[in-house]
Amino acid sequence: MNWREFEDELARRRKAGRPAQFWWRDDDAAAVSPSLKKVVELSKTSGVALALAVVPQAAEPALFTLLHERVTVLQHGTDHRNRAAPGEKKTEYPAREPLEAALARISDGFGRLRTLAGRRFLPVLAPPWNRVRKDLLKKLPAIGIRGLSAYGARASAEPAPGLRQVNTHVDIVAWRQGRGFIGEADALSRAIEYLKGEEPVGWLTHHAVHDAAAWNFLERLFALTQIRWLSAPEAFSYTAPAHG
């Protein structure tokens, strides 16, 4: 798929009263860096809301002074440490770890990030490597987590009582092919495919590894006018409690 075909499809959807709804999540935020500054500035200049998934334990307080009103902070695990057993896919939450230990770590990260991010914090867990044990899900609301964001088509909008899931679907980084940009055709085709689903299409980026092609693609994507870009609170239909 090329840009012309992509824009034609977006225009058809808009004319039919079904405009494309996208949202944007960027992972692995922790330290202030040129690439972090660039992703925040891109959100500001484009007007596209950014859901910044921050690693609580590694987060520098200075990071939060860079954020503008269109940036929402999500919880990206706690320490982003791979605890997978041999043969298990990368995860911060391995099957062999006691459930209470995983919950305590998430709770610690939740508290630190809520303190650092303040009103910008949305109580959504975006687990590292987009993997989390299913037996953790029903426990998350009790520690304050109200949302879950992973990758790919979700199995349910509410995987556990009190927990809403809104995923990302188009990761623009080719992790197994040198970590470069996946290419326009691949990215645009994936987005159109996921528009057939019921949830907003989530674009997943990783500012720290973007090459020039990835940045250029995002600038062009954000310049399109046929798209409704949702903020993370809109995507999760979340309203903060009156007490803050």
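Sequence positions are assigned chain by chain, starting from 1 and proceeding in written order. Reporting of local features is limited, given that this is a predicted model, to residues whose pLDDT is at least 70; pairs of side-chain atoms are given and counted only at 80 or more, and all residues count toward the totals for whole chains, interfaces and linings. The side-chain quantities take in all heavy atoms of the structure and omit both hydrogens and water.

1. Quick word on the side chain of E92
A helix here means a DSSP run of H or I that spans at least four residues, while a strand means a run of E at least two residues long, and both kinds are numbered starting from the N terminus. Position of E92 relative to the elements: it lies in the loop between β3 (71-75) and α3 (99-117). Summary of the burial criterion: residues with accessible area below 20% of their type's maximum are buried, those above 50% are exposed, and those between are partly exposed, where the area comes from a 1.4 Å probe applied to protein chains only. Using a relative accessible area of 0% as the deciding quantity, one classes E92 as buried. In what follows, a contact means two residues having at least one pair of non-hydrogen atoms within 4.5 Å. What E92 contacts, discounting residues up to four positions off in sequence, is G77, T78, D79, H80, R81, R83, E97, R105, P128 and W129.

2. Focus: the layout of surface pockets
Think of a 1 Å grid over just the protein atoms. A cavity is a set of points where a 1.4 Å probe fits yet cannot get out, a pocket is an open set with protein on both sides within 12 Å along at least five of seven lines, and lining residues have an atom within 4 Å of a point. Grid points are joined across faces, edges and corners, and a volume is the space filled by probe spheres set on the points. A volume near 1,100 Å³ is recorded for the largest pocket. Forming the walls of the largest pocket are 32 residues, and the residues nearest its centre are P128, W129, N130, R131 and Y151. Counting only elements with at least two residues in the lining of the largest pocket, the list comes to β1 (20-29), α4 (134-137) and β8 (173-174). Within the lining of the largest pocket, the residues separate by chemical class into 15 nonpolar, 7 polar and 10 charged. Asp, Glu, Lys and Arg are counted as charged, while Ala, Val, Leu, Ile, Met, Phe, Trp, Tyr, Cys and Pro are counted as nonpolar; the rest, among them Gly, fall into the polar class.

3. Quick notes on the pattern of salt bridges
One speaks of a salt bridge when a side-chain nitrogen belonging to Lys or Arg is within 4 Å of a carboxyl oxygen belonging to Asp or Glu. One pass over the structure, following the stated rule, counts 12 salt bridges. R83 is the salt-bridge partner of D79, the closest N and O atoms lying 2.6 Å from each other. Of the two residues, D79 and R83, both sit in the buried class. Ionic contacts of the salt-bridge type, sharing partners, join the residues E92, E97 and R105 into one network.

4. Considerations on helix α5 (residues 184-194)
All of the buried residues in α5 are A187, L188, A191 and I192. Along the axis of α5, the buried positions cluster into a sector of 130°, meaning they face one direction only. Those residues of α5 hidden inside the fold are in contact with α1 (3-15), β7 (170-171), β10 (201-205) and α6 (212-222). What the arc describes is the spread of directions from the helix axis to the C-beta atoms.

5. Notes on helix α2 (residues 34-46)
Take the residue count of a helix, subtract one, and multiply by 1.5 Å to get its expected span. With 13 residues, α2 extends 18 Å from end C-alpha to end C-alpha; this agrees with the ideal 18 Å at 1.5 Å per step. Within the sequence span of α2, burial applies to S35, L36, V39, V40, L42 and S43. Seen along its axis, α2 keeps its buried residues to an arc of 150°; they face one direction. Exposed side of α2, more than 90 degrees from the buried face: P34, K44 and T45 are the residues found there. Where the residues of α2 are buried, they touch β1, β2 (50-54), β3 and α6.

6. A word on the packing of α1 against α5
The geometry of α1 relative to α5 is characterised by a closest axis approach of 10 Å and an angle of 15° between their N-to-C directions. Taken together, α1 and α5 sit at an angle that is classed as roughly parallel. Where α1 crosses over α5, the handedness of that crossing is left-handed. On α5, the residues that touch W3, F6 and E9 of α1 are E184, L188, A191 and I192. Angles run from 0 to 180 degrees between N-to-C directions of axes, and those axes are lines fitted to C-alpha atoms, restricted for helices to the stretch in contact. Geometric relationships in this document are graded by angle, where less than 35 degrees denotes roughly parallel, more than 145 denotes roughly antiparallel, 65 to 115 denotes roughly perpendicular, and other angles denote oblique. Handedness of a helix crossing follows the sense of rotation of the near helix relative to the far helix, less than a right angle counterclockwise being left-handed and clockwise being right-handed.

7. Details of the packing of aromatic side chains
Here a Phe, Tyr or Trp ring, Trp counted by its six-membered ring, pairs with any other such ring whose centre lies within 6.5 Å, and the pair is stacked when the planes are under 30 degrees apart, edge-to-face when over 60, and tilted otherwise. For the structure shown, the criterion picks out 10 aromatic pairs. Ring-pair connections join several aromatic residues into one group, and the members of that group are W3, F6, F22, W24, F181, W203, F217, F222 and W229.

8. Concerning the confidence of the model for the protein chain
pLDDT expresses how confident the predictor is about each individual residue, on a scale running from 0 to 100. In this model, the protein chain carries an average pLDDT of 95, and 97% of its residues clear a pLDDT of 70 or more. Confidence over residues 240-244 falls short of pLDDT 50; this stretch has 0 contacts with residues more than four positions distant or in other chains.

9. Things to note about unusual backbone geometry
Non-glycine residue D28 carries a positive phi angle of around 75°. With respect to the secondary-structure elements, D28 resides in strand β1. You can call D28 partly exposed: its relative accessible area is 30%. Of note, R179 is a non-glycine position whose phi angle comes to about 65°, a positive value. When you line up the elements, R179 lands in the loop between β8 and β9 (180-181).

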